[in-house]
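# Structural features, examined
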Amino acid sequence: MATAEPIIMPGYQGEAIHGPCGPDCDSDADSGVPDHHGASVEQVFELFSATAPKGWRVELIEGEICVTPPANGKHEEFVSELNHQITRMGPDRTLRNYTGVGLNVPGASRTGHVVPDLVIAPKGSFDDDQEWHGPDGVLLVAEITSDSTADRDRTKKIHGYARAGIPVYLLIDREEGEVTVYAEPSGDDYTQGPKYKLGLAVPLPAPLGFQLDTAEF
(Lines give C-alpha, C1' and ligand atoms only; values in the text may rest on other atoms or scores of the structure.)
Protein backbone atom coordinates (compact mmCIF):
# COMPACT_ATOMS: atom_id res chain seq x y z
CA MET A 1 0.00 0.00 0.00
CA ALA A 2 1.38 3.39 -0.99
CA THR A 3 2.20 5.80 1.82
CA ALA A 4 0.59 9.23 1.71
CA GLU A 5 3.14 12.00 1.24
CA PRO A 6 2.99 15.36 3.00
CA ILE A 7 1.86 18.41 1.10
CA ILE A 8 4.42 21.20 1.20
CA MET A 9 3.81 24.71 -0.13
CA PRO A 10 7.25 26.34 -0.02
CA GLY A 11 7.39 30.11 -0.19
CA TYR A 12 3.68 30.60 -0.79
CA GLN A 13 3.24 34.22 -1.90
CA GLY A 14 -0.50 34.49 -2.38
CA GLU A 15 -1.15 32.50 -5.55
CA ALA A 16 -4.75 31.69 -6.32
CA ILE A 17 -6.33 28.61 -4.72
CA HIS A 18 -9.24 27.17 -6.64
CA GLY A 19 -12.01 24.76 -5.91
CA PRO A 20 -12.56 21.39 -7.59
CA CYS A 21 -13.70 22.89 -10.88
CA GLY A 22 -10.27 24.39 -11.64
CA PRO A 23 -8.99 27.87 -12.45
CA ASP A 24 -11.03 28.46 -15.62
CA CYS A 25 -14.53 27.70 -14.42
CA ASP A 26 -17.02 30.34 -13.33
CA SER A 27 -18.92 28.32 -10.76
CA ASP A 28 -17.25 29.57 -7.56
CA ALA A 29 -20.28 31.66 -6.71
CA ASP A 30 -22.60 28.70 -7.32
CA SER A 31 -20.43 26.14 -5.52
CA GLY A 32 -19.77 28.30 -2.47
CA VAL A 33 -15.99 27.93 -2.91
CA PRO A 34 -14.35 31.29 -2.06
CA ASP A 35 -11.76 32.91 -4.29
CA HIS A 36 -8.42 32.93 -2.44
CA HIS A 37 -6.48 34.91 -5.01
CA GLY A 38 -3.96 37.11 -3.24
CA ALA A 39 -4.43 35.41 0.11
CA SER A 40 -1.56 35.67 2.59
CA VAL A 41 0.41 32.68 3.82
CA GLU A 42 -1.35 32.97 7.17
CA GLN A 43 -4.77 32.97 5.50
CA VAL A 44 -3.93 29.90 3.44
CA PHE A 45 -2.58 28.20 6.55
CA GLU A 46 -5.87 28.85 8.34
CA LEU A 47 -7.77 27.45 5.34
CA PHE A 48 -5.71 24.26 5.31
CA SER A 49 -6.04 23.91 9.10
CA ALA A 50 -9.81 24.18 8.88
CA THR A 51 -10.23 21.73 6.01
CA ALA A 52 -7.53 19.10 6.63
CA PRO A 53 -8.86 15.58 7.28
CA LYS A 54 -9.01 14.48 10.90
CA GLY A 55 -5.61 13.33 12.15
CA TRP A 56 -3.61 15.29 9.58
CA ARG A 57 -1.09 17.80 10.92
CA VAL A 58 -0.92 21.30 9.43
CA GLU A 59 2.16 23.37 10.32
CA LEU A 60 3.77 26.61 9.15
CA ILE A 61 7.52 26.03 9.29
CA GLU A 62 9.94 28.72 8.15
CA GLY A 63 7.44 30.08 5.63
CA GLU A 64 6.31 26.68 4.32
CA ILE A 65 2.86 25.24 4.84
CA CYS A 66 3.26 21.53 5.57
CA VAL A 67 0.29 19.17 5.69
CA THR A 68 1.30 15.74 6.97
CA PRO A 69 -0.82 12.57 7.11
CA PRO A 70 -1.26 10.63 10.36
CA ALA A 71 1.86 8.83 11.59
CA ASN A 72 2.20 5.07 11.31
CA GLY A 73 2.16 2.67 14.22
CA LYS A 74 5.95 2.37 14.55
CA HIS A 75 6.26 6.13 14.95
CA GLU A 76 3.56 6.16 17.62
CA GLU A 77 5.27 3.33 19.52
CA PHE A 78 8.32 5.60 19.83
CA VAL A 79 6.14 8.45 21.10
CA SER A 80 4.44 6.13 23.58
CA GLU A 81 7.73 4.75 24.96
CA LEU A 82 9.21 8.24 25.31
CA ASN A 83 6.08 9.38 27.12
CA HIS A 84 6.22 6.36 29.42
CA GLN A 85 9.87 6.80 30.40
CA ILE A 86 9.51 10.52 31.10
CA THR A 87 6.44 9.89 33.24
CA ARG A 88 8.15 7.09 35.16
CA MET A 89 11.64 8.56 35.53
CA GLY A 90 11.12 12.33 35.55
CA PRO A 91 11.83 13.73 39.03
CA ASP A 92 9.61 16.83 38.77
CA ARG A 93 6.01 15.80 39.44
CA THR A 94 4.70 19.26 38.51
CA LEU A 95 5.53 18.63 34.86
CA ARG A 96 3.22 17.06 32.30
CA ASN A 97 3.67 15.45 28.88
CA TYR A 98 1.52 16.83 26.06
CA THR A 99 0.89 15.45 22.58
CA GLY A 100 -0.93 17.30 19.82
CA VAL A 101 -0.30 20.75 21.30
CA GLY A 102 0.16 23.57 18.79
CA LEU A 103 2.96 26.04 19.52
CA ASN A 104 3.68 29.47 18.09
CA VAL A 105 7.40 29.87 17.48
CA PRO A 106 9.34 32.69 15.82
CA GLY A 107 9.78 31.98 12.11
CA ALA A 108 12.30 33.33 9.65
CA SER A 109 9.96 36.17 8.66
CA ARG A 110 6.65 35.52 10.44
CA THR A 111 5.25 33.46 13.28
CA GLY A 112 5.53 29.72 12.76
CA HIS A 113 2.96 27.19 13.90
CA VAL A 114 4.29 23.76 14.87
CA VAL A 115 2.90 20.62 16.52
CA PRO A 116 5.73 18.69 18.20
CA ASP A 117 5.39 14.98 18.83
CA LEU A 118 5.80 15.64 22.55
CA VAL A 119 5.92 18.77 24.71
CA ILE A 120 6.97 18.87 28.36
CA ALA A 121 5.72 21.83 30.38
CA PRO A 122 4.31 22.60 33.85
CA LYS A 123 0.79 21.41 34.56
CA GLY A 124 -1.80 23.93 33.35
CA SER A 125 0.43 25.50 30.70
CA PHE A 126 -2.21 25.01 28.00
CA ASP A 127 -5.37 25.29 30.07
CA ASP A 128 -7.30 27.54 27.69
CA ASP A 129 -9.38 27.40 24.54
CA GLN A 130 -6.61 28.49 22.19
CA GLU A 131 -5.48 26.25 19.35
CA TRP A 132 -1.96 27.76 19.25
CA HIS A 133 0.03 28.60 22.35
CA GLY A 134 3.09 30.62 23.20
CA PRO A 135 6.22 28.61 24.10
CA ASP A 136 6.70 30.25 27.51
CA GLY A 137 7.22 27.59 30.13
CA VAL A 138 7.94 24.80 27.65
CA LEU A 139 11.00 22.91 28.88
CA LEU A 140 11.41 20.30 26.15
CA VAL A 141 10.03 19.47 22.74
CA ALA A 142 10.61 16.12 21.06
CA GLU A 143 10.32 15.03 17.45
CA ILE A 144 10.48 11.46 16.17
CA THR A 145 11.31 11.43 12.48
CA SER A 146 9.41 9.76 9.68
CA ASP A 147 10.49 9.51 6.05
CA SER A 148 8.20 12.42 5.19
CA THR A 149 9.20 14.74 8.06
CA ALA A 150 12.87 13.95 8.74
CA ASP A 151 14.38 16.84 6.76
CA ARG A 152 12.23 19.44 8.53
CA ASP A 153 12.84 17.89 11.94
CA ARG A 154 16.63 17.92 11.38
CA THR A 155 16.92 21.47 10.07
CA LYS A 156 14.06 23.95 9.98
CA LYS A 157 12.37 23.06 13.25
CA ILE A 158 15.65 23.56 15.10
CA HIS A 159 15.58 27.26 14.23
CA GLY A 160 12.05 27.89 15.47
CA TYR A 161 12.58 26.02 18.73
CA ALA A 162 15.88 27.80 19.38
CA ARG A 163 14.43 31.26 18.64
CA ALA A 164 11.58 30.46 21.03
CA GLY A 165 14.13 29.81 23.77
CA ILE A 166 12.94 26.25 24.39
CA PRO A 167 15.74 24.79 26.57
CA VAL A 168 15.86 21.29 25.07
CA TYR A 169 14.97 19.87 21.66
CA LEU A 170 15.13 16.08 21.66
CA LEU A 171 15.40 14.65 18.14
CA ILE A 172 14.96 10.90 17.75
CA ASP A 173 16.06 10.16 14.20
CA ARG A 174 14.76 6.72 13.30
CA GLU A 175 16.17 6.78 9.78
CA GLU A 176 19.71 7.65 10.91
CA GLY A 177 19.53 5.54 14.07
CA GLU A 178 20.59 8.52 16.20
CA VAL A 179 19.35 10.64 19.08
CA THR A 180 20.40 14.30 19.31
CA VAL A 181 19.90 16.35 22.46
CA TYR A 182 19.93 20.02 21.46
CA ALA A 183 20.40 22.36 24.43
CA GLU A 184 21.36 25.93 25.31
CA PRO A 185 19.50 27.90 22.62
CA SER A 186 21.23 30.97 21.20
CA GLY A 187 19.75 32.96 18.33
CA ASP A 188 18.33 30.58 15.76
CA ASP A 189 20.38 27.55 16.82
CA TYR A 190 21.48 25.51 19.83
CA THR A 191 25.05 25.66 21.12
CA GLN A 192 24.97 22.05 22.32
CA GLY A 193 23.91 19.05 20.25
CA PRO A 194 25.51 15.78 21.34
CA LYS A 195 24.51 12.73 19.31
CA TYR A 196 24.02 9.18 20.56
CA LYS A 197 23.44 5.93 18.75
CA LEU A 198 19.88 4.69 19.06
CA GLY A 199 19.96 1.84 21.54
CA LEU A 200 22.23 3.53 24.09
CA ALA A 201 21.40 5.38 27.29
CA VAL A 202 20.92 9.08 26.51
CA PRO A 203 21.42 11.63 29.34
CA LEU A 204 18.73 14.31 29.41
CA PRO A 205 19.47 17.74 30.92
CA ALA A 206 17.72 19.15 33.99
CA PRO A 207 14.95 19.40 34.98
CA LEU A 208 14.50 15.87 33.65
CA GLY A 209 17.98 14.80 34.63
CA PHE A 210 17.76 11.09 33.90
CA GLN A 211 19.04 8.68 31.26
CA LEU A 212 16.62 7.81 28.46
CA ASP A 213 16.91 4.11 27.64
CA THR A 214 16.64 4.12 23.85
CA ALA A 215 17.16 0.35 23.72
CA GLU A 216 13.44 0.19 24.55
CA PHE A 217 12.45 1.90 21.32
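Below or above, wherever it landed, is the structure these notes cover. Throughout, a residue's number is its position along its own chain's written sequence, starting from 1. For a predicted model such as this one, the threshold for reporting local features is a pLDDT of at least 70, and the threshold for listing and counting side-chain atom pairs is 80 or more; totals across whole chains, interfaces and linings nevertheless cover every residue. With hydrogens and water stripped out, all remaining heavy atoms of the structure feed into the side-chain values.

## Some points on the packing of aromatic side chains
Inclusion rule: Aromatic pairs are defined between Phe, Tyr and Trp rings, using the six-membered ring for Trp, whenever the two ring centres lie within 6.5 Å; interplanar angles under 30 degrees are classed as stacked, those over 60 as edge-to-face, and all others as tilted. Put simply, DSSP marks the helices as runs of H or I at least four residues long and the strands as runs of E at least two long, and each gets a number from the N terminus on. Buried means the residue's accessible area, taken with a 1.4 Å probe over protein chains only, is under 20% of the maximum for its type, while exposed means over 50%, and partly exposed covers the values in between.
Scanning the model with the defined rule gives six aromatic pairs in all. Considering the side-chain rings of F45 and W132, the 5.6 Å spacing of their centres and the 50° angle between planes classify their relative orientation as tilted. Taken together, the residues span a long stretch of sequence, with F45 in helix α2 (residues 41-51) and W132 in strand β8 (residues 132-133) at a distance of 87 residues. Here F45 matches W132 in class, with each residue buried. Here the aromatic rings of F78 and F217 are separated by 5.1 Å at their centres, their planes lie at 20°, and the arrangement is stacked. Of the two residues, F78 sits in helix α3 (residues 73-89) while F217 sits in the segment after β15 (211-213), which places them 139 residues apart along the sequence.

## Thoughts on helix α5 (residues 156-163)
Of the positions making up α5, those classed as buried are K157, I158, G160, Y161 and A162. Phi turns positive one or two residues past the end of α5, at G165, with a value near 75°.

## Topic: the pairing of strand β7 (residues 118-122)
Residues in a regular strand point their side chains to alternate faces of the sheet. Note the following rule: Criterion used throughout: strands pair if DSSP finds at least two bridges between them.
With four of five residues buried, β7 lies mostly within the body of the structure. The sheet contact formed by strand β4 (residues 95-98) and β7 spans four bridges and is antiparallel. Across the sheet, the residue bridging to L95 is P122, located in β7. The pairing of β7 with strand β9 (residues 140-144) spans three bridges and is antiparallel.

## Side note on the side chain of T214
Put simply, the rule is: Residues count as neighbours in contact if any of their non-hydrogen atoms are within 4.5 Å of one another.
When you line up the elements, T214 lands in the segment after β15. Contact partners of T214, with chain neighbours within four places excluded, come to V179, K197, L198, G199, L200 and V202.

## As for the pattern of salt bridges
Heads up, the condition is: Criterion for a salt bridge: a side-chain nitrogen of Lys or Arg within 4 Å of a carboxyl oxygen of Asp or Glu.
According to the stated counting rule, one finds seven salt bridges in the structure shown. The salt bridge partner of K156 is E64, with a shortest N-O separation of 2.8 Å. Taken together, the positions of K156 in helix α5 and E64 in strand β3 (residues 64-68) put the pair 92 residues apart, joining distant regions of the chain. For K156, a relative accessible area of 27% translates into the label partly exposed. By relative accessible area, which is 14% here, E64 ends up buried. The partner of R154 in a salt bridge is D151, with the nearest N and O atoms 3.5 Å apart. On the criterion of helical spacing, the pair formed by R154 and D151 is a turn pair, its members being three residues apart in helix α4 (residues 150-154). For R154, a relative accessible area of 25% puts it in the partly exposed group.

## Things to note about empty space enclosed by the protein
With a probe scaled to a water molecule rolled over the atoms, the places where space remains empty come into view. What counts here: We place a 1 Å grid over just the protein atoms. Points where a 1.4 Å probe fits but has no way out form a cavity, open points with protein on both sides within 12 Å along at least 5 of 7 lines form a pocket, and any residue with an atom within 4 Å of a point lines it. Grid points are joined across faces, edges and corners, and a volume is the space filled by probe spheres set on the points.
For the structure on display, the rule yields one cavity of 30 Å³ or more. Of the voids in this model, the largest cavity is the one considered here, and its volume is about 60 Å³. Around the largest cavity, the lining residues are L60, I61, E62, V105, P106, G107, G112, V114, K156, K157, G160 and Y161. Secondary-structure elements contributing two or more residues to the lining of the largest cavity are β2 (57-61), β5 (102-106), β6 (111-114) and α5.

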